[in-house]
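Examination of the molecular architecture
Chain residues, written in single-letter form:
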Amino acid sequence: MRHETRTAGGTTLAVLYADTRSEEVRRRAEELLDEHGAVLVRGLGLTDADAFHAAVALFGDSLIDSYRGGNTPRAAVTDGVFTSTEYPARFDISLHNEMSYAQSWPTRLFFGCLTAPETGGATPVCDGGALLASLPPDVRERFASGVVYRQHLHGGFGLGKSWQDTFETQDRSVVERFLEESAAEYAWTADGGLRVSQHRPGLRHNPRTGADTWFNQADQWHPSNLPDDEAEDLLSLIDDVADLPHWVTYGDGTPLSDDDLAHVRKAQRENRLSEPWQVGDIMIVDNMSVLHGREAYTGARKIVVSMT
């Protein structure tokens, strides 16, 4: 069993070559994950969701079996296994920490390649500590004040996801209890929709590294993250940004500046690392340490994900 290390900017990805699912592979993957924050295990030959589930179960942690409160569309494949974010293949998905807008978030992400795309479609990664270090001090300071994530969820018809799909229920009391336990502010609208506001840190202390790390999805929740044609179409349908399915401000409520967002995206590009998928690969990501995304692709692509 051997491994190689890929490096881009301040991001490293360990590629572990293994031809069997064993305790030795799990132990070595754990060591590499602790060292680098992301590891790709190659050669396991997984071809279906059940085999992926069995491989992930070797790591021992209980799998998250619900995506309640999640902002992006995905579907359950089997217990604890979901589709990766369902978004048109012609677009990239920007780098982000999974559910960093929530009160609680997954510790680890396990991505499994069951069908490799013809072109593109990799899951790029970016070290959050390296991203943070690449930002000018004044930009870091503004994000250190926190981020406010805001959602406008319709009640059945409208832009984006409904509150029913987001919270996996038709019962308002279940939604209210979930939001109250999440320290979120919310208000029901006259037309049956729901507005949610969540103030979260923009940076967090990473126990794996002992240092602060970038941990938010501010740039992804901003309208400028959308492809130009989609952004223009969406903004033409509303009179107020508060009616967007999701949007974001600094912790004090002021809008994000274009300059700050440009610095964030530049830092992501400088530290972005991409490894093409091969069938049977599993990539494990320490969610607090490493951001992930998705490249646009052609052909069939089936990537499944489990979270712990």
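Calculation criteria
Residues numbered from 1 in each chain as written. Predicted model: local features only at pLDDT ≥ 70, side-chain atom pairs only at ≥ 80, totals over all residues. Heavy atoms only, no water. Helix = DSSP H or I, 4+ residues; strand = E, 2+ residues; numbered from the N terminus. Rg over C-alpha atoms; globule rule 2.2 N^0.38 Å. Buried < 20%, exposed > 50% of the residue type's maximum accessible area, 1.4 Å probe, protein only. Contact = heavy atoms within 4.5 Å. Areas by Shrake-Rupley, 256 points an atom, 1.4 Å probe, with all protein chains shown as cover. Lys, Arg positive; Asp, Glu negative; His and termini not counted. Charge placed at Lys NZ, Arg CZ, Asp CG, Glu CD. Pairing = 2+ DSSP bridges. Arc of directions from axis to C-beta. Expected span 1.5 Å × (residues − 1). Axes fitted to C-alpha atoms, helices over the stretch in contact; angles between N-to-C directions. Salt bridge = Lys/Arg side-chain N within 4 Å of Asp/Glu carboxyl O.

Moving on: the overall build of the chain. From N to C terminus, the chain includes nine helices and 20 strands. Computed over C-alpha atoms, the radius of gyration of the chain comes to 19 Å, within 12% of the 19 Å expected from 2.2 N^0.38 for 308 residues, which places it in the range of a compact globule. A buried classification covers 53% of the 308 residues belonging to the chain. Across the chain, contacts joining residues at least 24 apart in sequence account for 77% of those joining residues at least 6 apart. Taken as a whole, the chain presents about 13700 Å² of accessible surface, with 48% of it coming from carbon and sulfur. Averaging the coordinates of the 28 positive side-chain charges in the chain and doing the same for the 47 negative ones gives two points 4 Å apart.

Regular strands have side chains that alternate between both faces of the sheet. Among the five residues that make up strand β18 (residues 290-294), five are buried, leaving the element largely enclosed by the rest of the structure. The alternating pattern of β18 places V290, H292 and R294 on one face and L291 and G293 on the opposite face, and all of these are buried. Where strand β9 (residues 125-127) and β18 come together, three bridges link them in antiparallel fashion. Bridge assignment links D127 to a residue of β18, and that residue is V290.

All of the buried residues along helix α6 (residues 172-181) are V174, V175 and L179. Considered in projection along α6, the buried side chains sweep an arc of 130° and stay on one side of the axis. Turned more than 90 degrees off the buried face of α6, the exposed positions are E180 and E181. Those residues of α6 hidden inside the fold are in contact with α5 (163-167), β11 (185-188) and β12 (194-200). Directly after α6, the chain includes A183, whose backbone phi takes a positive value near 60°.

This paragraph deals with helix α1 (residues 23-36). Between the first and last C-alpha of α1 there are 20 Å, a value that for 14 residues agrees with the 20 Å anticipated at 1.5 Å per step. Looking at α1, one finds that the buried residues are V25, R26, A29, E30, L32, L33 and H36. Close packing links the buried residues of α1 with β1 (2-8), β2 (11-17), β3 (38-42), β7 (108-115), β17 (282-286) and β18.

In this section: the sheet that holds strand β10 (residues 147-153). Pairing in this open sheet of four strands is antiparallel, and the strands run β11-β12-β10-β15 from one edge to the other. Edge strands, defined here as strands with exactly one partner in the open sheet, are β11 and β15 (246-250). The sheet shows a mean angle of 15° between the axes of neighbouring strands, direction not considered. Inspection of the sheet shows β11 paired to β12 by four bridges, in the antiparallel sense. Its bridge partner lying in β12, Y186 is registered against V196. Of the strands in this sheet, β11 and β12 touch α6, which is tilted by about 160° from β11.

Along the chain, the position of T249 falls in strand β15. For T249, the residues in contact, after removing those within four places along its chain, are V147, V148, R150, T254 and L256.

Below, the discussion takes up the pattern of salt bridges. For the structure shown, the criterion picks out 15 salt bridges. Residues D138 and R142 are paired through a salt bridge, measuring 3.1 Å at the closest nitrogen-oxygen approach. Here D138 and its partner R142 are both found in helix α4 (residues 137-144), four residues apart, which amounts to about one turn of the helix. Across the pair R142 and D260 runs a salt bridge whose closest N-O atoms are separated by 2.6 Å.

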